[in-house]
Amino acid sequence: MVLKLYGNPQSTCTKRVAVVLYEKKIPFELVVIDLFKGEHKAPTFLEKQRFGQVPYIDDDGFTFFESRAICRYLDAKYPNQGPKLTPDSDLKAKALFEQGVSIEQSNFDPFASTATFEAIFKSMLGQTKNDAVYDESIKTLSAKLDAYEKILAEQKYMGGDELTLADLFHLPSGSLLATAGSDLLTSKGPNVTRWWNDISSRESWAAIAKGVPAGVNKFD
């Protein structure tokens, strides 16, 4: 039974899971949840995702949610399929990886997500952009990326010298910053620019950047 991903093609959290599925070439079916119709708040959906958020997965009857947790699960279940995206042997490598994951969740995504919500998603909801909130989010993110510039001067990726989930987790929100009116990821400094150009040009991301394909996704 093919793994099912219940989400929305444009959802950043759905894309976070999908890029890992593509990176590891794990066949899956995207079951589209229409957020504008409120399908994520339907009783049948809430039985599987208690918070009414996308995505969740159904892996042969095993269902659970939270995009970053799903990504870890997929990499652990398919360790020899595609690249290994979480170090599991060397203690120091694991520590750097966990540091990178924590940085993304605490120092990047909250501010990138707020900025892109104000500049992009509010208009879709018929709401007005709050320029003060947007400006403050970009200002804070810029300061955070000063630290990224220093970290990436010492290592190739955010989780060490190998590509990991810590890097891929940045793609969904980070890729929307330019559309939201910010060039931070290509103007902050040479190390951030080098890193961002590297991860955002991966084949896995190119395949889903404009939207995760609905239905069954297979790989040769």
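An unreviewed UniProt entry annotates the protein chain as glutathione transferase of Tetrapyrgos nigripes. Under the UniProt heading Catalytic activity (unreviewed entry), the note attached to the protein chain is "RX + glutathione = an S-substituted glutathione + a halide anion + H(+)".

Visitor: Would you mind going over the pairing of strand S2 (residues 28-32) in detail, with residue names and values included?
Guide: Here strand S1 (residues 3-7) pairs with S2 via 5 bridges, running parallel. Directly across from Lys4, in S2, lies its bridge partner Glu29. Note that the unit made of S1, helix H1 (residues 12-23) and S2 has a crossover that is right-handed. Summarising the sheet, S2 and strand S5 (residues 215-217) pair through 3 bridges and their orientation is antiparallel. Its bridge partner lying in S5, Leu30 is registered against Gly215.

Visitor: A description of the UniProt feature "domain: GST C-terminal" (unreviewed entry) in the protein chain should follow, citing residues and the corresponding values.
Guide: Within this structure's numbering, the places UniProt gives as "domain: GST C-terminal" (unreviewed entry) are residues 90-220. Annotation note: span residues 90-220, helix share 66%, strand share 2%, distance between end C-alpha atoms 32 Å.

Visitor: An account of the sheet that holds S2 is requested, with residue identities and associated values reported.
Guide: Strands sit in the order S4-S3-S1-S2-S5 across an open sheet of 5 strands; the sheet is mixed. On the outer flanks of this sheet lie strand S4 (62-65) and S5, each paired with one strand and no other. Each adjacent strand pair in this sheet contributes to an overall mean axis angle of 20°, direction not counted. Of the strands in this sheet, S1, S2 and S5 are in contact with H1, which crosses S1 at around 155°. Against the sheet, helix H3 (residues 67-77) makes contact with S1, strand S3 (56-59) and S4, and its axis sits at roughly 135° relative to S4, the strand it touches most.

Visitor: Describe the packing of aromatic side chains, and please don't skip the residues or the numbers.
Guide: A complete count under the given rule lists 11 aromatic pairs for this structure. Measuring from centroid to centroid gives 4.8 Å for Tyr22 and Phe219, while their planes differ by 90°, and the two rings are edge-to-face. Pair noted here: Tyr22 is in helix H1 and Phe219 is in the segment after S5, with a separation of 197 residues, a long-range link. Overall, the relative accessible area of 21% leaves Phe219 in the partly exposed class. Each ring, one from Phe108 and one from Tyr148, has its centre 6.1 Å from the other, and the planes form 40°; the classification is tilted.

Visitor: How would you sum up the environment of Phe65? Please name residues and give values.
Guide: Of note, Phe65 is situated in strand S4. In the structure, Phe65 is positioned 12 residues away from Gln53 in sequence and 8.8 Å away in space, judged by C-alpha atoms. When near neighbours in sequence (up to four residues on either side) are disregarded, Phe65 contacts Lys48, Gln49, Arg50, Phe51, Pro55, Tyr56 and Ile70.

Visitor: A description of the layout of surface pockets should follow, citing residues and the corresponding values.
Guide: Put simply, the largest pocket is a space of about 900 Å³. As for the largest pocket, its lining consists of 28 residues, of which Ser11, Thr12, Cys13, Leu35 and Val54 are closest to the centre. Looking at side-chain class alone, the lining of the largest pocket contains 10 nonpolar, 13 polar and 5 charged residues. A volume near 190 Å³ is recorded for the second largest pocket. Every residue lining the second largest pocket is counted, 13 residues in all, and those nearest its centre are Gln10, Lys15, Ser175, Leu176 and Ala209.

Visitor: Can you tell me about the pattern of salt bridges, naming the residues and giving the values?
Guide: All told, the structure shown has 12 salt bridges when counted by the stated rule. For Arg16, the salt bridge identified is with Glu104, shortest N-O distance 4.0 Å. One end of the pair, Arg16, is in helix H1; the other, Glu104, is in helix H4 (residues 91-124), and 88 residues separate them in sequence. Glu98 is the salt-bridge partner of Arg72, the closest N and O atoms lying 2.9 Å from each other. Taken together, the positions of Arg72 in helix H3 and Glu98 in helix H4 put the pair 26 residues apart, joining distant regions of the chain. On the basis of relative accessible area, Arg72 is assigned to the partly exposed category, the value being 30%. The exposure class of Glu98 is partly exposed, given its relative accessible area of 38%. Three or more residues are tied together by salt bridges with common partners; here these are Arg16, Arg68, Glu104 and Asp109.

Quick notes on the rules
Residues numbered from 1 in each chain as written. Predicted model: local features only at pLDDT ≥ 70, side-chain atom pairs only at ≥ 80, totals over all residues. Heavy atoms only, no water. UniProt positions renumbered as here; feature names shortened; annotations may be inferred. Pairing = 2+ DSSP bridges. Helix = DSSP H or I, 4+ residues; strand = E, 2+ residues; numbered from the N terminus. Right-handed = clockwise from strand over helix to strand, strands pointing away. Axes fitted to C-alpha atoms, helices over the stretch in contact; angles between N-to-C directions. Contact = heavy atoms within 4.5 Å. Phe/Tyr/Trp six-rings, centres within 6.5 Å; stacked < 30°, edge-to-face > 60°. Buried < 20%, exposed > 50% of the residue type's maximum accessible area, 1.4 Å probe, protein only. 1 Å grid on protein atoms, 1.4 Å probe; cavity = no way out; pocket = protein on both sides within 12 Å on 5 of 7 lines; lining within 4 Å. Points joined across faces, edges and corners; volume = space filled by probe spheres on them. Nonpolar A, V, L, I, M, F, W, Y, C, P; charged D, E, K, R; others polar. Salt bridge = Lys/Arg side-chain N within 4 Å of Asp/Glu carboxyl O.

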